Amino acid sequence: MAYFKNIEKIKYEGSSSTNPFAFKYYDADKVVAGKPMKEHLRFAMSYWHTLTGEGSDPFGGSTMDRPWNELSGIEKSKLRADLGFELMSKLGVEYFCFHDLDIAPEGDSLKEKHENLDIMVAYIESLMKETGIKCLWGTTNAFTHKRFVHGASTSPNADVFAFAAAQVKKAMEITHRLGGENYVFWGGREGYETLLNTDTALELDNLARFLKMAVDYKEKIGFGGQLLIEPKPKEPTKHQYDFDAATVISFLIKYKLDKHFKLNIEANHATLAAHTFEHELNVSRINGMLGSIDANQGDPLLGWDTDQFPTNIYDATLAMIEVLKNGGLAPGGLNFDAKVRRGSFELDDLVYAYIAGMDTYAKGLLIADQILSEGVFESFVADRYASYRSGIGEKIVKGEVGFEELEAYALGLKEITNTSGRQEMLESILNQYIYR
Ligand code: XLS
Ligand code: NI
Ligand code: NI
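Treat the numbers as computed from the prediction; the structure is a model and nothing was measured. (Residues numbered from 1 in each chain as written. Chains lettered and ligands numbered in written order. Predicted model: local features only at pLDDT ≥ 70, side-chain atom pairs only at ≥ 80, totals over all residues. Heavy atoms only, no water.)

**A closer look at the coordination of the nickel ion (ligand 2)**
Each protein donor to the nickel ion (ligand 2) is listed here as Glu-230 (OE), Glu-266 (OE), Asp-294 (OD) and Asp-337 (OD); together their distances run 1.9 to 2.1 Å. Geometry at the nickel ion (ligand 2) is octahedral, judged from the 6 donor atoms that bind it and their angles of 81 to 172° at the metal. Sequence positions of the donors to the nickel ion (ligand 2) reduce to the motif E-x35-E-x27-D-x42-D. Between the two metal centres, the nickel ion (ligand 2) and the nickel ion (ligand 3), the spacing is 3.8 Å, with Glu-266 acting as a shared donor. Here Asp-337 lies in the loop between strand 14 (334-336) and helix 12 (347-374) and Asp-294 lies in strand 13 (residues 290-294), a separation of 43 residues in the sequence. The same class applies to Asp-294 and to Asp-337, which are both buried. (Donors = N, O, S within 2.8 Å, 3.2 Å for Na, K, Ca; no water. Tetrahedral: all angles 85-135°; square planar, octahedral: opposite > 155°, others 65-115°. Helix = DSSP H or I, 4+ residues; strand = E, 2+ residues; numbered from the N terminus. Buried < 20%, exposed > 50% of the residue type's maximum accessible area, 1.4 Å probe, protein only.)

In structure tokens:
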């Protein structure tokens, strides 16, 4: 059955098209920097925001007009899956990402939860076969249910730690069965509200113990997917342990887990951490840890994770520069961890939202490719650091001098001359690339 009745497969029509149901920049098979756009971007649908989000906020309930509104149980889950796969097929989105709780009803016990998952995994498997759509990553929802009120692997209650372990075990098994290319750990409620009731040292050790168990189990079942951690500084807890890329990387190194994980960077989480998105991508990339992206955007006037569809070309361009420099994202990809606004409650709004997000990143990719192939910024940067390629700078880089030699050198200096950073000139060149 078709739920998007009046919508055919969305096609690329070019930037002058006025058809709202067409791509203006995303041309899946167009070759850019040596490979088709779709291989650079590896777009994924977020199961939760797209299929289970209801549009509620702290002041009001559901607004979304969805064909499953009157249904419950497995029937509801199946309808959601059908609609999701129709949407992805029509958009040409080749991957999806999911939490265990998104695809099947929770049930009254862990056993029932597992059984519901098995039914839905078989169902989704058949839709994947029919459509050729693949799983980018799976994850676990260990934050919605009240048992996770104080966290999951960082809960003070060992029973909760055990329950979360059972949940991740199962979620990893089903991700493996669905051919998932990655498995994500977003902290959920792994953080704290007040030091007055918290043993942070034990909680962090437990978080590391939990991740080590996940690595061991992954190896045991032969799951070849990449493990990813998704940093976020706050929300739902005031202090999330996985604050930002730098914090997560040093945590992983401290607990000797760094060889087993990469990072899934979310744009809105970067801005909540008071960083730019490109900063978080850059920190991950230069440490060899950039694994995947949750592409969304926040609202500069609101201080929470609004998870909006990305429409800012400037940000997408700077992000795609990092992705290209990273040599791509695979086996990661670009997941739209984004939801339509509460007022955009019709099914067509989902289509408009994905078109907007996909076009934004496609345009970002095209601009980033031009920037990198012309090398303007790179040659500026290379010149700026020229002092480290000869003379005293070269000796510093090669480790040939220490404080004594540097003092002797500095004593001989007459005057130190700096050159301008030319920020405004560079920003103006960037605008030229974006607007030309
Ligand atoms: C929440 C996170 C979440 C993860 C998956 O803020 O972004 O959606 O991506 O658990
Ligand atoms: Ni996310
Ligand atoms: Ni988020």
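Further notes follow.
**A look at the site of ligand 1**
All residues adjacent to ligand 1 are Trp-48, His-99, Trp-186, Glu-230, Lys-232, Glu-266, His-269, Asp-294, Asp-305 and Asp-337. Taking Trp-48, its side chain carries an N or O atom lying 3.2 Å from an oxygen atom of ligand 1. Contact between ligand 1 and Glu-266: an oxygen atom at 2.6 Å from a side-chain N or O atom of the residue. For ligand 1, the protein covers 94% of the area, taking 290 Å² as the surface of the free molecule. Residue composition of the shell around ligand 1, grouped by class: 2 nonpolar, 2 polar and 6 charged. (Near = heavy atom within 4 Å. Polar contact = N/O pair within 3.5 Å; in protein donor to acceptor, adjacent residues only side chain to side chain. Areas by Shrake-Rupley, 256 points an atom, 1.4 Å probe, with all protein chains shown as cover. Nonpolar A, V, L, I, M, F, W, Y, C, P; charged D, E, K, R; others polar.)

**Topic: the side chain of Asp-244**
Structurally, the position occupied by Asp-244 is in the loop between strand 11 (239-240) and helix 8 (245-254). In this structure the side chain of Asp-244 is engaged in a polar contact, spanning 2.5 Å, whose partner is the side chain of Thr-247. A polar contact of 2.8 Å, which involves the side chain of Asp-244, links it to the side chain of His-275.

**Things to note about the coordination of the nickel ion (ligand 3)**
The nickel ion (ligand 3) binds to the protein through Glu-266 (OE), His-269 (NE2) and Asp-305 (OD), with metal-donor distances spanning 2.1 to 2.3 Å. One chain supplies every donor for the nickel ion (ligand 3), spaced along it as E-x2-H-x35-D. Classification of Asp-305 as buried rests on a relative accessible area of 9%.

**Side note on the state of the cysteines**
As enumerated under the stated definition, the model contains 0 disulfides in all. Unpaired in terms of disulfides, Cys-97 finds its nearest cysteine sulfur in Cys-135, a separation of 6.8 Å. A relative accessible area of 0% places Cys-97 in the buried class. The exposure class of Cys-135 is buried, given its relative accessible area of 0%. (Disulfide = S-S within 2.5 Å.)

**Some words on the pattern of salt bridges**
Scanning all chains against the criterion turns up 18 salt bridges. For Asp-29, the salt bridge is made with Lys-38, and the minimal N-O distance between the two is 3.7 Å. Using a relative accessible area of 26% as the deciding quantity, one classes Lys-38 as partly exposed. The partner of Lys-398 in a salt bridge is Glu-394, with the nearest N and O atoms 3.0 Å apart. On the basis of relative accessibility, which here comes to 54%, the residue Lys-398 falls in the exposed class. What you see here is one network of salt bridges that share partners, running through Asp-29, Lys-38 and Glu-94. (Salt bridge = Lys/Arg side-chain N within 4 Å of Asp/Glu carboxyl O.)

**Some words on the packing of helix 5 (residues 110-131) against helix 6 (residues 158-177)**
Taken N-terminus to C-terminus, the directions of helix 5 and helix 6 make an angle of 15°; their axes are 11 Å apart at the nearest point. Taken together, helix 5 and helix 6 sit at an angle that is classed as roughly parallel. The two elements helix 5 and helix 6 meet at a crossing, and its hand is right-handed. Residue-level inspection shows Leu-110, Lys-113, His-114, Leu-117, Asp-118, Val-121, Ala-122 and Glu-125 of helix 5 in contact with helix 6, the latter providing Phe-163, Ala-166, Gln-167, Lys-170, Ile-174 and Arg-177. Among the residues forming the contact of helix 5 with helix 6, the class breakdown is 7 nonpolar, 2 polar and 5 charged. (Axes fitted to C-alpha atoms, helices over the stretch in contact; angles between N-to-C directions. Parallel < 35°, antiparallel > 145°, perpendicular 65-115°, else oblique. Left-handed = near helix turned anticlockwise from the far one by under 90°. Contact = heavy atoms within 4.5 Å.)

**What about the layout of surface pockets?**
Each pocket or cavity is described by its volume, and for the second largest pocket that value is around 780 Å³. The greatest single-element share of the lining of the second largest pocket, amounting to 6 residues, is contributed by helix 13 (residues 376-384). Looking at the lining of the second largest pocket, its residues break down into 12 nonpolar, 6 polar and 7 charged. (1 Å grid on protein atoms, 1.4 Å probe; cavity = no way out; pocket = protein on both sides within 12 Å on 5 of 7 lines; lining within 4 Å. Points joined across faces, edges and corners; volume = space filled by probe spheres on them.)

**Quick look at unusual backbone geometry**
Cis geometry marks the peptide bond from Glu-235 to Pro-236, where omega comes out at 10°. The topology assignment puts Pro-236 in the loop between strand 10 (226-230) and strand 11. For the peptide bond that leads from Ala-330 to Pro-331, omega is 5°, which places it in the cis range. Mapped onto the elements of the fold, Pro-331 is located in the loop between helix 11 (313-325) and strand 14. One non-glycine residue, Glu-235, lies in positive phi territory at about 75°.

**Considerations on the nonpolar core**
With 119 residues, the main nonpolar core has Leu-41, Tyr-47, Phe-96, Ile-124, Phe-185 and Tyr-361 as its most contacted residues. Among the elements that take part in this core, helix 12 stands out by supplying 13 residues, more than any other. (Core = buried A, V, L, I, M, F, W, Y, C linked by side-chain atoms within 4.5 Å.)

**Side note on the sheet that holds strand 7 (residues 134-139)**
Strand order in the closed barrel made by the 8 strands is 5-6-7-8-10-12-13-14, with parallel pairing throughout. The average angle at which neighbouring strand axes cross in this sheet is 30°, direction not considered. Relative to strand 10, strand 8 (residues 182-186) runs parallel, the two sharing 5 bridges. Counterpart to Trp-186 in the pairing with strand 10 is Glu-230. In the packing of helix 12 onto the sheet, contacts are made with strand 5 (43-46) and strand 14, and the angle to strand 5 comes to roughly 150°. (Pairing = 2+ DSSP bridges.)

Geometric values such as these leave the question of function open.
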